[in-house]
Each structure stands twice: as C-alpha cells, then as structure tokens.
Amino acid sequence: MRHWKSDGRLQLNDLRREFSQPSYLQVKTVSEFIHKYFTRGIGKNVALVFILCFLGAFIIFSVEPAQYSDSVAGHLEKDVDEITRWDTFWHCQWWAVATFTTVCYGDVSPTTHVGKLWGLIFVVTSYILIAYNLLDMASRLRRDNVLSSKNLHQESGGRNNGWLSSPDEVRWQTPRKISEFLRRNYIFRYFAYAIICTAISICLLYTLEFAQYTDSVAGHTGKEVDEIAQWETLWHVTWWSILTFATAGYGDVSPTTHMGKLVGMFQMLSGYFVTLSILAAGVEKIRSEMLSHFQNELIDAQQMQNSLLPKEPLIIEGLQIAGKNIEAREVGGDFFDYLEGDNKISVVVGDVSGKGLKGAMNAVMTSGILRLIDDENPGLEGSILMAKVNKALCRAMERDMNVTAVISQFDLETKQMILTNAGQHAYPLLKRSKSVEPIKAKGLALGIIPSISYKSVSLDLQSGDLLLFMTDGITEPRNAEGVMYEESGRFHQLLSELSDELSAEEVVEYVIQDVIEYMIDEEERDDDITIVAVKVT
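Residues numbered from 1 in each chain as written. Predicted model: local features only at pLDDT ≥ 70, side-chain atom pairs only at ≥ 80, totals over all residues. Heavy atoms only, no water.

## A look at the packing of aromatic side chains
Piece 1. This structure, assessed with the given rule, holds nine aromatic pairs.
Piece 2. Centre to centre, the rings of Tyr485 and Tyr518 are 5.2 Å apart; their planes meet at 65 degrees, and the pair counts as edge-to-face. A residue pair is termed long-range when its members are at least 10 positions apart, and Tyr485 in the loop between helix 15 (472–475) and helix 16 (490–497) and Tyr518 in helix 17 (residues 504–518) qualify at 33 residues.
Piece 3. Residue class for Tyr485 comes out buried when judged on its relative accessible area of 0%.
Piece 4. Taken together, the ring pairs connect Phe54, Phe61, Trp86, Phe89 and Trp90 into an aromatic cluster. (Phe/Tyr/Trp six-rings, centres within 6.5 Å; stacked < 30°, edge-to-face > 60°. Helix = DSSP H or I, 4+ residues; strand = E, 2+ residues; numbered from the N terminus. Buried < 20%, exposed > 50% of the residue type's maximum accessible area, 1.4 Å probe, protein only.)

Have a look at this one:
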C-alpha cells in the first residue's frame, strides 16, 4: 500500500517490510544461520554450486580414478604408484570447479562411458544452473512497489546514483569516504572486488606454486629454468590469476599442490560470482531507471486525479460540506464532487471497480461525464441524472467494470435531501441528536444495464443533523479478529458520541483516524478511503 502523507512523502509497503525483517546478524543457532543464508537468494545459489561441484568430483573420482591419477602423475612428474587417492580426489575437485565455471571440461577428458555420460550431465547441469542464477537474480529485483524518483533522490541525499559520480562527490580523505564512493558506484565496487581476489590469488600462488609457474615461463620463452627471473614468474602468475578470474575458467598452468588447487578454485568461483553480481547490478540499475520513469508517470496521474477533487470544505447558508479521499495506491478508483445549482447543491460519492490506473481512469471518466451532463442539464433530479450517467458509462466502459455511486441533492430553501443510490452498499448515515441511522436507497450499479431507471428517497432535514456519505473503504476494514469496522458497532458509537460543536471537516478527520486505528495494519490497506460529511446548520 502506498499513499501520500501530509508531509508529501510516498510511503512504501516493501520498504517497511524490508526494515521490519530480522537482521541477518541476529543468528542464534547453526540451523537458523543455514536457513537465513543458504535457503534463499544468492546464498541458495552458492550452496547449489558447491553441492553440484562436490557431487561432480565424487562421481568422477569413483568412475575415473585411473585417468585422473595419470593426470596428476603427469603434472607432478611422478609415477602413478606414488599418487595417493587424496591427490586424485583433489584433482577431480579441481576438474569439477573448472568444468562448472567454464561450462566446458577441465584439462582431463573422461575415458569410460559412465565418465563421459556424467561429464555431459555435469556440463549441461552447469549451464542450466548458471542460467537459473541469472534469471533468479533478475527476478529477485522485481517488486510490486518501487521507490519514486523523488524518494530515490531523497534517499541518496540528492546525490547522483549513476555509474559514475561527479568529481565534487569524490573525497579521498578517509576510508569512510572511499567506502561511501564504492557503495554508490557498483562498477568501481566490483572492480575493487576483482582486484582484491586477484591480489590474494597472486600472492598465494606465487608462494605455493613458484616452481610450477617458473617451469611454465621457461617453456613459453624457450629458456632454462635457471635463467628465469623471479619477476618473470610473478608476472606469469599475475597473468594466470587475471585470466582465471576474467574467464571464470583456468589458465594454461594447472596448480600441482593441494593448496594451489584450492586457490585456483577460489579464483574461478570468485570470477563466476562477481560476474553474476555485475550483471545483476546492471539489470537493477536499468530496471530502477525504467521504474523511476514509470513512477513519475504515476505521480503525474495522481496529481491530475487529485486536482479534480474538491480542495476545500464548502460552507454555504445552512450547510457545511467537507470530504476527503485517500488512495490505497498512487491512484485510486474513488471520487467525490460537489455540484452547485440554483438553491441546490448535490454531493456525489463514487467507487469504481478495480484498482490502480484502470480504476483511476474510469473514476476520472465517470466524474467528467457526471459534470458534463449536469452542466448541460442544470437542475436535473438525481434519479434522472443517475440514469443519464449510467447510459453513458454503458457505452464507454469495459463490460467487466462498474461504478457504485450516490447522488444526494440538498434543497437549500426547503431543507430537504433527495438521495439516489446506484449500487452503493455503504449506505449514507444520518446522525440526529444521539441516534445514528442508515438511509437505505437501492439501485443497480452504473455501467451494467443501459436502460435501467433509478428511484430516489427524500428526507426532511433539521438543524444539527449530520450526514455521512462514504465508500466501503470506511465500512469494511477488518480488525485482528476479522470483524468489519461497521459491523463492530464502533462506527455508530463514535458518531453518536461526537460533539455537535465539531465542524464537518473535523468530523471527517475523526472518522478517518478511527478507521485507521481499527485496522490490523494501516500499511496493508488495499481499498481507497473516501468520506464526505454534510452538517446542517
């Protein structure tokens, strides 16, 4: 639910829910930790990747031990008999991660039919899981409610949230400024991640695999191993680390030590997840820009709709009239209006079926048709006016849409009210002294049958009478027990206890506030609230 508060801020359902969720830091048990981190979102995808890679390594180790033992022996320049099962398993694990991150196969091809079958299954499954990760990340960015561009501007303190910030925003005086810069510029943030991961890989591999990479440089340059300088080996390790990270695969040298393989796997998986994160961040940026534009359009629509509603209370001789409308979303399907004539004034309250833009467009159309017919036929009785509006709406509206409305005409000379109801089941209420009674007039909703006629009921008014016209957004909100506001008796009790000194505008505010307090959660409200109070003076 979103609606405008008095301070002009757009309240958002998803933002409230986000900050009401328990913090990930509030983890008390291992099972709770696993549930929070590895059963949803990116944590679930990380867990799937590791499970798949471990399963791949275990199966290949089971069906291809000889083939992978030979590969390890070749890398280590040892006899096969000197290779332990642990060496072979670790090499299978390396193969599985390399296969997954590159969606191809590592440096050893299976030789048995079962091994080749599993290799094919593993490659295809890797492809599907990678595609799933991308789609999952994109789908997780979708929300029913999004920040308006105004709120995005406020949230960032008026700063540019684009790919790059302006030079004035960059302050390198403290680590906090650097952290803030990286937080707001996701390209630089992920670039920093890449540098950190690669630097760690370079340091560890240079230390752990110095001989292996020196041999590789010697083979590339045609020199003897003794002729290779340390900086050449370091440069080759740097090349390998960047290549491994950038391609999320592996370079032209396979580590020989267990720790070297672990570092290589870390580097490959880091490249894989950082690449996914960059893609997801790019999708989010494009999406936020598109939705920000759409949100601006919604704000314009809301302002246009609100401009058609009466702005101020109407005070004329013998009557005080005040009304208010609060949308459940940016725009709504409720409306109200005052139609002034010679010694007469009509109060109209309507509710269009449907929500959001569709309901709002039909509400604006209904209000416009009503005013046009009234302007062209001044002084029409409410029943005739309602019939003409109904006929026009039957031609203009979709068949699955309808409008419920009441037209209440007040004769200022005779102090009489004539009420016409078109399907509005939230009956108007009359408060006279301490008693509160509904004014029951019935009729079919507008926009369904073009030839229908409407009947009116009349009521003689007395000084001090209070009349309320409303939509079901007032009468149907439920409390924690599921009881509707009107059915609970609270509404009638509130009205009977209202002071006769209150103005019509104050009555409207009292009622709306009481309805909101009655709800389970005002943020969960899904129906527009509209009420008009008429006080006879």
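## Section: the packing of helix 13 (residues 356–376) against helix 14 (residues 382–396)
Any two packed helices are characterised by how steeply their axes cross, that is the angle between the axes, and by the distance between the axes.
Piece 1. Interaxial distance between helix 13 and helix 14 falls to 10 Å at its minimum, and their mutual angle equals 135 degrees. The angle between the axes of helix 13 and helix 14 places the two elements in the oblique class. Helix 14 is crossed by helix 13, and the crossing has right-handed handedness. Contacts between helix 13 and helix 14 involve Met365, Thr366, Ile369, Leu370, Ile373 and Asp374 from the first element and Leu385, Lys388, Val389, Ala392, Leu393 and Ala396 from the second.
Piece 2. Here the residues of the contact of helix 13 with helix 14 sort into nine nonpolar, one polar and two charged. (Axes fitted to C-alpha atoms, helices over the stretch in contact; angles between N-to-C directions. Parallel < 35°, antiparallel > 145°, perpendicular 65-115°, else oblique. Left-handed = near helix turned anticlockwise from the far one by under 90°. Contact = heavy atoms within 4.5 Å. Nonpolar A, V, L, I, M, F, W, Y, C, P; charged D, E, K, R; others polar.)

## As for helix 16
Piece 1. The set of residues buried in helix 16 consists of Phe491, Leu494, Leu495 and Ser496.
Piece 2. Those residues of helix 16 hidden inside the fold are in contact with strand 7 (429–432), strand 8 (435–438), strand 10 (466–470), helix 15 and helix 17.

## A short note on the nonpolar core
Piece 1. Among the nonpolar cores identified, the biggest contains 45 residues, and Phe410, Leu467 and Phe469 are the most heavily contacted of them.
Piece 2. Apart from residues lying up to four places away in sequence, Phe410 is in contact with Leu319, Asn343, Lys344, Ile345, Val347, Gln416, Met417, Leu461, Leu467, Phe469 and Val534.
Piece 3. One finds Leu466, Leu494, Leu502 and Val511 within the second-largest nonpolar core, a separate group that totals 26 residues. (Core = buried A, V, L, I, M, F, W, Y, C linked by side-chain atoms within 4.5 Å.)

## A short note on the pattern of salt bridges
Piece 1. By the definition in use, this model includes nine salt bridges.
Piece 2. Residues Asp500 and Lys431 are paired through a salt bridge, measuring 3.3 Å at the closest nitrogen-oxygen approach. Highlighted residues: Asp500 in the loop between helix 16 and helix 17 and Lys431 in strand 7, separated in sequence by 69 residues.
Piece 3. Assessed through its relative accessible area of 5%, Lys431 is described here as buried.
Piece 4. Among the charged side chains, a network of salt bridges with common partners joins Lys358, Glu398 and Asp400. (Salt bridge = Lys/Arg side-chain N within 4 Å of Asp/Glu carboxyl O.)

## Section: the pairing of strand 2 (residues 319–326)
Piece 1. Across three bridges, the pairing between strand 1 (residues 314–316) and strand 2 is antiparallel. Within the sheet, the bridge partner assigned to Leu314 lies in strand 2 and is Ile321.
Piece 2. Counted along the chain from strand 1 to the antiparallel partner strand 2, the turn is two residues long, and its residue Gly318 has a positive phi close to 95 degrees.
Piece 3. Where strand 2 and strand 11 (residues 529–536) come together, eight bridges link them in antiparallel fashion. (Pairing = 2+ DSSP bridges.)

## Side note on the sheet that holds strand 9 (residues 456–460)
Piece 1. Sheet architecture is open: five strands sit in the order 3-4-5-6-9, paired in antiparallel fashion. At either end of the open sheet lies a strand with only one pairing partner, and these are strand 3 (334–341) and strand 9. Taken over all neighbouring pairs, the strand axes of this sheet differ in orientation by 15 degrees on average, direction set aside.
Piece 2. Pairing of strand 5 (residues 403–411) with strand 6 (residues 416–422), which is carried by seven bridges, proceeds in the antiparallel orientation.

## Examining unusual backbone geometry
Piece 1. Not every positive phi belongs to a glycine, and Lys415 is a case in point at roughly 50 degrees.
Piece 2. Residue placement: Lys415 occurs in the loop between strand 5 and strand 6.
Piece 3. Judged by its relative accessible area of 29%, Lys415 is partly exposed.
Piece 4. Positive phi is not limited to glycine here, since Ser433 has a value of about 60 degrees.

## Some points on helix 4 (residues 65–76)
Every α-helix winds through 3.6 residues per turn, so residues three or four apart in the chain are directed the same way.
Piece 1. Spanning twelve residues, helix 4 covers 16 Å between terminal C-alpha atoms, matching the ideal 16 Å at 1.5 Å per step.
Piece 2. Within helix 4 the residues assigned to the buried category are Tyr68, Ser69, Ser71, Val72 and Ala73.
Piece 3. Positive backbone phi, approximately 55 degrees, marks Glu77, located one or two places after helix 4. (Expected span 1.5 Å × (residues − 1).)

## Remarks on the packing of helix 16 against helix 17
Piece 1. In contact at an axis separation of 11 Å, helix 16 and helix 17 are set at 150 degrees when each is read in the N-to-C sense. In this view, helix 16 runs roughly antiparallel relative to helix 17, as classed from their interaxial angle. Seen along the crossing, helix 16 lies across helix 17 with a hand that is right-handed. Listed contacts from helix 17 to Arg490, Phe491, Leu494 and Leu495 of helix 16 are Tyr510, Val511, Asp514, Glu517 and Tyr518.
Piece 2. Taken together, the residues of the contact of helix 16 with helix 17 break down into six nonpolar, no polar and three charged.

## Quick notes on the sheet that holds strand 1
Piece 1. Spatially, six strands are ordered 1-2-11-10-7-8 in an open sheet, and the strand pairing comes out antiparallel. Since the sheet does not close on itself, it has two edges, and those belong to strand 1 and strand 8, each with one partner. Averaged over neighbouring strand pairs, the angle between their axes works out to 15 degrees when direction is ignored.
Piece 2. Across the sheet, helix 16 is in contact with strand 7, strand 8 and strand 10; its angle to strand 7 comes to roughly 35 degrees.
Piece 3. Strands in contact with helix 17 are strand 2, strand 10 and strand 11; relative to strand 2, the strand with the most contacts, it is inclined by about 30 degrees.

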